[in-house]
Amino acid sequence: MSILLTHAYYLYEDQKEQSIMRPYVPLGLLYISAYLKQHQIDNSLYDSTFYSFEEQLIYIQEKQPKVVAIYTNLMTKINVIKLMKVLKSETRYGFPKIVLGGPDVTYNTSNYLNSGADFLVIGEGEQTIYELYLAIIQQTSFHLINGISFIEGKKVIKTPPRSKIKDLASLPLPNRAAVPIDKYLNTWKTYHGKSSMTVSTQRGCPYTCKWCSTAVYGQSYRRRPAHLVASELLMLKQTYQPDSIWFVDDVFTVSHKWLKNFHKEVLSQNAIIPFECITRAERLNDEVLQLLKEIGCFRIWIGAESGSQKIIDAMDRRVNVDTVKEAIQKTNALGIETGTFIMVGYPGEDEKDIKNTITYLKAANPTHFTITVAYPIKGTSLYNEIQDQITIEPNWETSTDRDIDFKRTYNRKFYTYAVKRIVNEVNFHKEIIKGQRKNSWLSFKLKTKSILANTGMKFYKY
């Protein structure tokens, strides 16, 4: 074997995910595998999700690939570095050339190269990894390959950026046969009673949210033709019979014209599979919601990030909080589940903003909501804004951007309690509005936890 594609995520080491058990295939690697196959490059893909670090090393030792290409992100970086160091130090693995790609390499080039990577693929990977692989095997110059970084002598070389793929129709379907699909489907069935698969219809995001990384696909909007996406759904329906689809796109309804074509194609091809997606509130209206419902949409995640207009504006979200609230309410009324994302601890957020978020969530009443404490990802506008206010920046190789902290309005622990306050107060409200069906004991527990969390907030406020 000449090239092995892999990553370094191990489900059974992730305690949080084990409590959720919603694994999805590494779709980006599947696209690269398919692209290499399309160009007659034999490749293997080791999906580490259901296996261990030790099993991964045994596989690499058996196959002795000349090139190991590893996808890395904020969550898997520490394991990726560990894997690289083993491959670089032990002769039994044949000292393969190590190529890294993914969102985390763009703004950490020197760090990754100094940690053992031979090459970094910056941006979209399909064309770059193909050209780089040929150059490695044929021992030709790397300087003419756009979108890579490597060390020459003691100097870090970064070639010009690669142009983004304009025609996504030219890409083959992801090579799902390369991974143990049954393990994913069965895990979902076991823990949730239904299976789920992922589909990508677009690349890039045209919006400017300051905390969001666009390191791979850029601030762009490129879409696969609607008829090809519908055909992919039909293929999945006939081959794997998934119970649901998760569209991984950042803003699924950004183009109403595309959505109307997609609606037509899904119905004409009999390709309906229940699905969920993410979008922005201002890209929803009555017509769009109806179109989504008719082709199987059962849940829409509508971004808000905060219930405070002050914080939404600080994030450069470019949306009104009331627009988000009304979009969630309209979606609920149509019988489609809703979800929303909340971020606390953003620069400038105070106790009033958190109270506004609680009020917003109670009024909007999303079916689901998730909360995270804001952290700065290198390369984002947020990181650039708070860089000189960083108070904790731990060792790069043994930490992630999540561990970086900066000067906030209050103590960092204040926001830990703020998360608990929001979750329990809003869920208490949900129990109350259930009326006669409410669980009195549950309501009592939620309210008690909310009060305790509020006490914790006050303790760490100063």
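Residues numbered from 1 in each chain as written. Predicted model: local features only at pLDDT ≥ 70, side-chain atom pairs only at ≥ 80, totals over all residues. Heavy atoms only, no water.

**Q** Would you take a moment to explain the overall build of the protein chain for this structure?
**A** What the protein chain contains, in helices and strands, is 16 helices and 17 strands. Its C-alpha radius of gyration of 23 Å places the protein chain within 12% of the 23 Å reference for a compact globule of 462 residues. Counted over contacts in the protein chain with a minimum sequence separation of 6, partners at least 24 positions apart contribute 72%. For the protein chain, the accessible surface area stands at approximately 21000 Å², while carbon and sulfur atoms represent 51% of it. (Helix = DSSP H or I, 4+ residues; strand = E, 2+ residues; numbered from the N terminus. Rg over C-alpha atoms; globule rule 2.2 N^0.38 Å. Contact = heavy atoms within 4.5 Å. Areas by Shrake-Rupley, 256 points an atom, 1.4 Å probe, with all protein chains shown as cover.)

**Q** Just checking my understanding: could you explain the sheet that holds strand S15 (residues 368-373) for this structure?
**A** Hydrogen bonds between backbone atoms are what pair the strands of a sheet, whose relative direction is either parallel or antiparallel. On the basis of which strands lie adjacent, the open sheet formed by six strands has the order S8-S11-S12-S13-S14-S15 and parallel pairing. Strands at the two margins of the open sheet, each flanked by one partner only, are strand S8 (196-199) and S15. Within the sheet, the average angular offset between the axes of one strand and its neighbour, ignoring direction, is 20°. Note that strand S13 (residues 297-302) and strand S14 (residues 337-344) share three bridges and pair parallel. Bridged to Ile300 within S14 is Thr338. The sheet contacts of helix H13 (residues 351-364) involve S14 and S15, and relative to S14 the element is tilted by about 180°. Lying over the sheet, helix H15 (residues 412-433) contacts S14 and S15, oriented at roughly 170° with respect to S15. (Pairing = 2+ DSSP bridges. Axes fitted to C-alpha atoms, helices over the stretch in contact; angles between N-to-C directions.)

**Q** How should the pattern of salt bridges be read in this particular structure?
**A** Pairs can form between side chains of opposite charge once their charged atoms are near each other. Taken as a whole, this structure holds 25 salt bridges when the rule is applied. Here Glu397 ties to Lys85 by a salt bridge, and the two come within 3.6 Å at their closest N and O atoms. Taken as a pair, Glu397 in the loop between strand S16 (390-392) and strand S17 (405-406) and Lys85 in helix H4 (residues 77-89) lie far apart in primary sequence, 312 residues in all. Note on Glu397: relative accessible area 27%, which makes it partly exposed. With a relative accessible area of 37%, Lys85 lands in the partly exposed category. (Salt bridge = Lys/Arg side-chain N within 4 Å of Asp/Glu carboxyl O. Buried < 20%, exposed > 50% of the residue type's maximum accessible area, 1.4 Å probe, protein only.)

**Q** I'm lost on helix H12 (residues 321-333) in this one. Help?
**A** An α-helical segment advances 3.6 residues per turn. Residues three or four places apart therefore align on the same side. The first and last C-alpha atoms of H12 sit 19 Å apart over 13 residues, in line with the 18 Å expected at 1.5 Å per residue. In this fold, the buried residues of H12 make contact with helix H10 (286-294), S13, helix H11 (309-314), S14 and H13. Immediately beyond the C-terminal end of H12, within one or two residues, lies Gly335, with a positive phi of roughly 90°. (Expected span 1.5 Å × (residues − 1).)

**Q** What exactly am I supposed to notice about H15 here?
**A** Spanning 22 residues, H15 covers 32 Å between terminal C-alpha atoms, matching the ideal 32 Å at 1.5 Å per step. The inward-facing, buried residues of H15 contact S14, H13, S15 and helix H16 (440-459). A distance of 2.8 Å separates the backbone nitrogen of Lys413 from a side-chain oxygen at the start of H15, and that oxygen is part of Asn411. (Polar contact = N/O pair within 3.5 Å; in protein donor to acceptor, adjacent residues only side chain to side chain.)

**Q** Help me understand the packing of aromatic side chains, please; the structure alone is not making it clear to me.
**A** Two aromatic rings are characterised by how far apart their centres lie and by the angle between their planes. By the definition in use, this model includes 24 aromatic pairs. Their ring planes at 80° and their centres at 5.1 Å tell us that Phe247 and Phe275 sit as a pair that is edge-to-face. Linking Phe247 in strand S11 (residues 244-247) with Phe275 in strand S12 (residues 275-279), this pair joins segments that are 28 residues apart in sequence. For Phe247, a relative accessible area of 1% puts it in the buried group. On the basis of relative accessibility, which here comes to 2%, the residue Phe275 falls in the buried class. In this structure an aromatic cluster arises from ring pairing among Phe247, Phe252, Trp258, Phe262 and Phe275. Lys194 extends its terminal NZ or CZ atom over the ring of Phe298, reaching a point 4.2 Å from the ring centre. Against the face of Phe406 rests Arg408, its NZ or CZ located 4.2 Å from the ring centre. (Phe/Tyr/Trp six-rings, centres within 6.5 Å; stacked < 30°, edge-to-face > 60°. Lys NZ or Arg CZ within 6 Å of the ring centre and 35° of its normal.)

**Q** What am I meant to see in unusual backbone geometry here?
**A** Glycine aside, negative phi is the norm for most residues, and most peptide bonds take the trans geometry. The backbone of Met21 shows a phi angle near 55°, a positive value even though the residue is not glycine. Even without glycine at this site, Gln40 takes up a positive phi of about 60°. With respect to the helices and strands, the residue Gln40 is situated in the loop between helix H2 (27-38) and strand S2 (44-46). For Gln40, a relative accessible area of 68% puts it in the exposed group.

**Q** Explain the side chain of Asp47 to me, please; I cannot follow it from the model alone.
**A** By the element assignment, Asp47 lies in the loop between S2 and helix H3 (53-63). No salt bridge is formed by the buried Asp47. Its closest oppositely charged neighbour is Lys183, at 9.7 Å. A polar side-chain atom of Asp47 sits 2.7 Å from a polar atom in the side chain of His7. Polar contacts involving the side chain of Asp47 include one to the side chain of Thr49, which spans 2.8 Å. Ignoring any residue separated from it by four or fewer positions in sequence, one finds Asp47 in contact with His7, Pro26, Val179, Pro180 and Tyr184. (Lys, Arg positive; Asp, Glu negative; His and termini not counted.)

**Q** Whenever I open this one, the environment of Tyr31 confuses me. Can you help?
**A** Along the polypeptide, Tyr31 turns up in helix H2. Along the backbone, Tyr31 and Arg176 are 145 residues apart, and their C-alpha atoms lie at a distance of 8.8 Å.

**Q** What is the right way to look at the side chain of Thr76 in this model?
**A** With respect to the helices, strands and loops of the structure, Thr76 is situated in the loop between strand S3 (67-71) and H4. Of the residues examined, Thr76 reaches a relative accessible area of 4% and is grouped as buried. Not counting residues up to four positions away in its chain, the partners in contact with Thr76 are Ala8, Tyr9 and Tyr71.

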